[in-house]
Amino acid sequence: MASEEASLRALETLMTEFFHCCTTNERKREIEELLNNFAQQIGAWRYCLYFLSNTRNEYVMMYSLTVFENLVNKMWLGVPSQDKMDMRSCLPKLLLAQHKALPFFIRNKLCKVIVDIGRQDWPMFYHDFFSNTLQLIQTPAMAPLGLVLLKTTSEELACPREDLSVARKDELRKLLLEQVPTVLSLLTDILESIWDKHSVGGATPPPSPTHGDCGELLGSLLGGPPSSKVLSQPVPQLDSESLQLCSLVLECLAHLFSWIPLSTSITPSLLATVFHFARFGCDLRPSTVAGAHPKSKGSLTYSASNGDGAHPAAQLNGGSAPNTDSADCARLGVLAMTCVNELMSKNCVPLDFEEYLLRMFQQTFFLLQRLTRDNNAHTVRSRLEELDESYVEKFTDFLRLFVSIHLRRIETNAQFPVVEFLELLFKYTFHQPSHEGYFCCLDIWTIFLDYLTTKIKSRLADRESVLNRYKDALVLLLREVLHRIQFRYSQAQLEELDDEALDDDVRATLPGPLASCQRVPPVPRSGLGSVSQPFDLLSACAATDRFPVLQENLDVYLGLQQFIVTSGAVRRLNITAENDCRRLHCALRDLSSLLQAVGRLAEYFIGDVFAARFNDALTVVERLVEVTCYGSQVSLYDVETAVPSVLKPDLIDVHAQSLAALQAYCHWLAQFYSELHRQSQTRFVNIVTSAMDASAPLIGAKVPEKLLLSACHLMVSVATTVRPVFLVTVPAVQNIFNLVTDSSTRRLPPEAQVLVCRALSSMLLLPWPNLPESEQQWNTRSVNHSSLLAALTRHYRQLRGTTNVQQRQLRQTLRILRDIVDSVSGESTKSRQICYQSLQESVQVSLSLFPVFIHQSDVTDEMLSFFLALFQGLRVQMGVPFTEQIIQTFLNMFTREQLAASILQEGSAGSRVVEKFLKILQVVVQEPGQAFKPFLPSIISLCMEQVYPIVAERSSPDVKAEMFELLYQVLHHNWRFFFKASVLSSVQRGGAEEPMENEAQFVAAMQAFGQSFLEPDIHVFKQNLLYLESLNSKHKLYHKKLFRSSMLFQFINVLLQVLVHRSHELLQDEIALAVYNMASVDFDAFYSAFLPEFLNGCQGVDGNQRGVLGRNFKMERDLPSFTQSVHRLVNDLRYYRLCNGSLPPGTVKL
């Protein structure tokens, strides 16, 4: 090598050239290769040490430290002992000598290299590693540096990566835990000394309007005046250096709390001190630091922080830093709350720590009181707006953790005032400055309401006392949430929401048709939940005056008819003044939101509480019927308005929401019909008749699709859920039947047409509740249903043998038929018989058309969807001969060429066709009895010889998943096709093996499963692993002689290799369980034969390392110990390969 000085100059030149904008990529690769070769030379680290000591070039420093890092983490085993000793001595000296001059990221990197050496050598060869860090922390001038080292030590030693053996990881954690009490004591002392030094010593703080109401609350929360006095004192004014030091301490504590267990090492003194610093986030001080400038936008000094708490201008070098503003002090509060939340997130709390928890809650709620205090200078909302956003987020996180994890522990404690806490949480929730913060707080209320509901259900005896305790809070919550979803109270906030972009989980909670509507009132899921849950708990006292504002908005809506002016064929809403239009817009939006909320309450009127809440529900339902009938009669959706882009969608929204809300009460109507069927049915008949009168006029081509779908869904729900006997005789329903049978519904949108046909079919097919079989009028209904289906399929049945058809019309007819079959698949035998009788000719036509359209994937897809529905719901009614004909037709049509052509269209209709075909075969092979057993060889052959060779060569995840499910169903439901013996004969034979048939097909299926574990698709991997485990649990697959003798160890080997290569890391627990179940078939053979053979075949490790791996795999037979050994084997094998792969050739490994 050249001289050190010359090498340094050459390296500086290379690094400058590498990062120069004009350097080509080719030249960069040359430089990179040169630098890598230099780093691999023996003794290169000495040059790097010289470079670090003698250069100011940051690129050179970082490169040199990277050489050290690679040497320590990957090549340490091969480094001579003297070199290790020199590095352990030189690098800390370099850090101590130059840490003030080094850029912060270089200093941090150097700290990490030193910690990495400690991770390898402490305590055996580097006995003073940790004590040196503690000594630095206790030296005032070096404390910041010591804290950086301490935090890095916590990060790298407590939660090490895979580049350590399991034994070393366990040793390091044990060593660190021994040091925890000392470390926590040191950190507590630093925080306390800084707080005491800067506090107003013993002086009574001057009276302040912001502190006038602390005493009473603290008296209840903390149980004594001393705590009140301490917490009432103003936060001290910290100088810049103290503030940076406290930030570093709190960062260390936050990371320590993330992994140390809750114990007495976390003293009351430490907790109290952390909470003192948490006050920095909630105390509004325009200049917390002496001489600091006032807070201004964009002055978040820590947005450019160094990542370790050091002030960017100070660099921990003793130089002057600018005065720190309130944003820096707020950061202290954020860090303190991070510490608190780390403790709060631990669900396992030792008994001796529960008192500490109570103390933490008390102190945190003092902070909550300060955050929500209202005075002349600040409203609660303005206070929260002025606070650091991160601090508010951390505080909300704390409240969520407290309510979800710890409320049950603390609620019964007499020292904890739950009701006062709810009052503070209420103020905190409804004064949030942002939508996100408000929704997060509503989630906390939802968690609390779930807890309260569960508690009441488990303690019915004292339900009333529990309710009375929380009644006032629930009433306030209900009222305020209702205000928040109304424009009359919260127009500014609601208009900021984008109701065009509701996410999927919100849409999933909306009733029936509204899930697909394009414009829904902006009522968040948590908001509606916060309406319905307290309503359920408060129903006894809140039922009568549920939503007074609902009536006001209804009056506005119901009064619009008088403002409609007719001019020829045009109807116009005569409301034109801008202010009137704005007020109408708000009233209609509020009515939509409130109707949606009323729909969400439907579930709280059924079941055990039906009788007690009957009158209230009846009032609601009759009111909803009135609103829906009014909307349909007046046809407000068809009225011209002064602001059509706003008011017309509003009118459609209200109408659609009223229909959806009424639909939500169909389960209540069904219970009404069931429990009161022997009494006067007048009111029930009127409700159902009126609901149909409201729906029928909307089923037409000129009605907005949103309203049309709402009406269709309501009709479907009445027909399928309520099922009144008289439904088909209602004149409005008769009109719909007439429209369908004279083909007028063909003008309806496809989805609406499917829904209308489902509703009409269900009226004729589904059994009527409360009536015996003899009164079901099946004969009449069968005739009517045949007539209905004949009208629906009139043109379709004329297509037999022709190709000159409109494919769109053909597909739509198949969709309608499939939907009708699906609607009766779970119903009585009689319903399915009638359905198939009506469909029989259409089914035969479909089978005759199948070969005609086999090459047109879109049509074939619909046909197979129809046949799949038939096989799933009506296969018994179809009979064995016709079912066999269908199966044989499909098997003949799906040649290998046809399958290949379809599968190659991945993600298209062609691929879906093959999936549907495989699903049909899955239904066939699951059928009990011998009728379809002759098809098994053909089905297995289709899978293994035609489908599998095609999908094995490409991803095709959907087709693969269906094919493997078919294989699983073949094996599971036809086990005796391969293993003939019965359970009795197996017992009689004792240890003798049962005979096996069709061995070749069984082996091929198992090989396909095994091959799937070598592929990257994690979904297919997980599915197939579950299938194998299921076959083992139900049929003892792993115990069968053929599997045990020729496949068992191959499967274990593949699964272990998957773990070693970490290709399916998310499934490591499932894989380890499967390995255990396979090994448990014969543990002796696993330990004596498989494990040595597996280790001998492992590449990248030497004989000694194989021996260590084998000895560390404990010969235990219980699941926890075995899986622990598996994970240890995988970790250590990867560790040895990592080390060995980085050593220079010829290195002796000890």
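An account of the accompanying structure is given in this report.

Each value, and the rule that gives it
Residues numbered from 1 in each chain as written. Predicted model: local features only at pLDDT ≥ 70, side-chain atom pairs only at ≥ 80, totals over all residues. Heavy atoms only, no water. Helix = DSSP H or I, 4+ residues; strand = E, 2+ residues; numbered from the N terminus. Buried < 20%, exposed > 50% of the residue type's maximum accessible area, 1.4 Å probe, protein only. Contact = heavy atoms within 4.5 Å. Phe/Tyr/Trp six-rings, centres within 6.5 Å; stacked < 30°, edge-to-face > 60°. Lys NZ or Arg CZ within 6 Å of the ring centre and 35° of its normal. Core = buried A, V, L, I, M, F, W, Y, C linked by side-chain atoms within 4.5 Å. Salt bridge = Lys/Arg side-chain N within 4 Å of Asp/Glu carboxyl O.

## Details of the environment of Ala759
Positionally, Ala759 belongs in helix 33 (residues 750-765). Taking relative accessible area as the criterion, Ala759 reaches 0% and is therefore assigned buried. With 39 residues separating them in the primary sequence, Ala759 and Thr720 have C-alpha atoms 7.3 Å apart. Apart from residues lying up to four places away in sequence, Ala759 is in contact with Met715, Val716 and Ala719.

## Observations concerning the packing of aromatic side chains
For the coordinates displayed, the defined rule picks out 70 aromatic pairs. Taking the centre distance of 5.1 Å and the plane angle of 75 degrees together, the rings of Phe18 and Phe19 count as edge-to-face. Site record: aromatic cluster; members linked through ring pairs are Phe1049, Tyr1076, Phe1083, Phe1086, Tyr1087, Phe1090, Phe1094, Phe1113 and Phe1122. Positioned above the aromatic ring of Phe18, the side-chain terminus of Lys28 is 5.6 Å from the ring centre. Above the face of the Phe979 ring, Lys1040 is positioned so that its terminal group lies 5.2 Å from the ring centre.

## A short note on unusual backbone geometry
Looking along the chain, the bond that leaves Trp122 and enters Pro123 is cis, with omega of 0 degrees. Structurally, the position occupied by Pro123 is in the loop between helix 6 (104-121) and helix 7 (129-138). Positive phi, normally seen in glycine, also occurs at Ser635, with a value near 55 degrees. Mapped onto the secondary structure, Ser635 falls in the loop between helix 27 (614-634) and helix 28 (644-664). Taking the relative accessible area as the measure of exposure, Ser635 reaches 16% and is therefore buried. Of note in the backbone geometry, Lys1036 takes a positive phi value of approximately 55 degrees without being a glycine. Inspection of the secondary structure puts Lys1036 in the loop between helix 45 (1018-1035) and helix 46 (1041-1046).

## Here's the deal with the nonpolar core
Core analysis: the largest hydrophobic core is formed by 223 residues, its most contacted members being Tyr557, Tyr665, Trp668, Phe890, Phe1002 and Phe1122. Excluding residues within four positions of it along the chain, Phe1002 makes contact with Leu971, Trp975, Phe978, Phe979, Met996, Leu1037, Leu1042 and Met1047. Counting 152 residues, the second largest nonpolar core, distinct from the first, contains Met75, Leu187, Ala336 and Phe430.

## Describing the pattern of salt bridges
Side chains carrying opposite charge are able to pair once their charged atoms draw close together. Going through the model one piece at a time under the given rule, you end up with 39 salt bridges. A salt bridge links Glu411 to Arg469; the nearest nitrogen and oxygen atoms lie 3.6 Å apart. Highlighted residues: Glu411 in the loop between helix 17 (389-410) and helix 18 (418-429) and Arg469 in helix 20 (residues 463-484), separated in sequence by 58 residues. With a closest N to O distance of 3.1 Å, Arg912 and Asp861 form a salt bridge. Residue Arg912 is found in helix 40 (residues 909-926), and its partner Asp861 is found in helix 37 (residues 857-878); the two are separated by 51 residues along the sequence. Overall, the relative accessible area of 8% leaves Asp861 in the buried class. What emerges from the salt-bridge pattern is a single network uniting Glu69, Lys109, Lys112, Asp116 and Arg119.

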